[in-house]
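Coordinates in review
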Amino acid sequence: MNEMNKTLKAMLVGGLLATSSLVGASTADAALVLRYSIDGGGFTTVVDELAGDGALGAPGLISVVLTTGGFTATFVTGTQSILSNPGADSLHANFSGTVLGAHTLLLEVSGTGFPDDSDPLFIDSQLANSSLSGGSTVNLKSYLNTANTLFDSTVAYGSQTLLLNATHTTTSEAPVTSFGAFSPPGDFAISHQLLLTSTGTGEKAFNVTSSTHVRVPEPMTLGLLGTGLLALGAIARRRRQAA
């Protein structure tokens, strides 16, 4: 009986520990749009799998090469999982290249159709891997939009939550991360606004990455935890009856 107790207790502890391991659901039905503006001008918009997308044939991924307005840059964004978090729903963006002189670049990416698969969902947003030459800064604002609307950050503030507002000003700053539990009423959208500001003269290099991950507890883990609790309850009842 002691050995059985030890085994069941190990199952319970294992289940509790495993609930901290989070996996994501599918964003296969998500819509994805990228748009950018230079020096406060009008937006150029690129829709996943349409004209201007350099990643045609790879749904859920947009690639754009920019050679105008003082910038030579590449944008890559997607709603697929990144290598460091396999299986997690995510919106992520990277832009890298050079800028000559004083300019601003506003890059916005937005994805809809993130599923409300759990109550609550665990969502973290991060500005990371910034490499900036002197005289450059980058700001990230990431949003959760319960109206499931693209770029809600500029049209419907009543239905959005600001997940993260972070700025990097030097090379290789530590990642800035937010983490929270949310209970959306249904499918939702996530948007990123990345503002790169270059001051002074000369050529400056940049490489910036942002990401937002949506995770839910693994169903098998919750089942294991429930089984362990039931088993320990049964043992406790038998002990009381034996006494």
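Everything quoted here is computed from the prediction, not taken from an experiment.

**So, the environment of Asp39**
If you trace the backbone, Asp39 turns up in the loop between strand E2 (32-38) and strand E3 (44-47). Accessibility expressed as a relative area gives 43% for Asp39, which makes it partly exposed. For Asp39, the contacting residues outside a window of four places in its chain are His103 and Thr104. Here the side chain of Asp39 touches His103 through a polar contact of 2.8 Å, side chain to side chain. At 2.9 Å, the side chain of Asp39 and the backbone nitrogen of Thr104 are in polar contact.

**Some remarks on the sheet that holds E3**
Reading across from one edge, E3-E2-E7-E12-E9-E10 is the order of the six strands in this open sheet, with antiparallel pairing throughout. The sheet terminates laterally at E3 and strand E10 (160-168), the two strands that pair on one side only. Neighbour-to-neighbour, the strand axes of this sheet turn through a mean angle of 15 degrees, independent of strand direction. Sheet topology note: the strand E9 (residues 136-145)/strand E12 (residues 188-198) ladder contains ten bridges and is antiparallel. Residue Thr137 lies in a different strand from E12, and its bridge partner there is Thr197.

**Considering the packing of aromatic side chains**
Going through the model one piece at a time under the given rule, you end up with six aromatic pairs. Ring geometry for Tyr36 versus Phe75: centroids 5.4 Å apart, planes at 65 degrees, classification edge-to-face. Here Tyr36 is found in strand E2, whereas its partner Phe75 is found in strand E5 (residues 71-78), with 39 residues between them in sequence. Phe75 matches Tyr36 in its accessibility class, with the two residues each being buried. Between Phe71 and Phe206, the ring centres sit 6.2 Å apart and the planes meet at 70 degrees, which makes this aromatic pair edge-to-face. Placement of Phe71 in strand E5 and of Phe206 in strand E13 (residues 203-217) is noted, with a sequence separation of 135 residues between them.

**Remarks on unusual backbone geometry**
At Glu49, a position not held by glycine, the phi torsion is positive, near 70 degrees. Residue placement: Glu49 occurs in the loop between E3 and strand E4 (61-68). The backbone of Asn148 shows a phi angle near 55 degrees, a positive value even though the residue is not glycine. For Asn148, the position within the fold is in the loop between E9 and E10. Residue Asn148 is classed as partly exposed on the basis of its relative accessible area of 30%.

Conventions we followed
Residues numbered from 1 in each chain as written. Predicted model: local features only at pLDDT ≥ 70, side-chain atom pairs only at ≥ 80, totals over all residues. Heavy atoms only, no water. Helix = DSSP H or I, 4+ residues; strand = E, 2+ residues; numbered from the N terminus. Buried < 20%, exposed > 50% of the residue type's maximum accessible area, 1.4 Å probe, protein only. Contact = heavy atoms within 4.5 Å. Polar contact = N/O pair within 3.5 Å; in protein donor to acceptor, adjacent residues only side chain to side chain. Pairing = 2+ DSSP bridges. Axes fitted to C-alpha atoms, helices over the stretch in contact; angles between N-to-C directions. Phe/Tyr/Trp six-rings, centres within 6.5 Å; stacked < 30°, edge-to-face > 60°.

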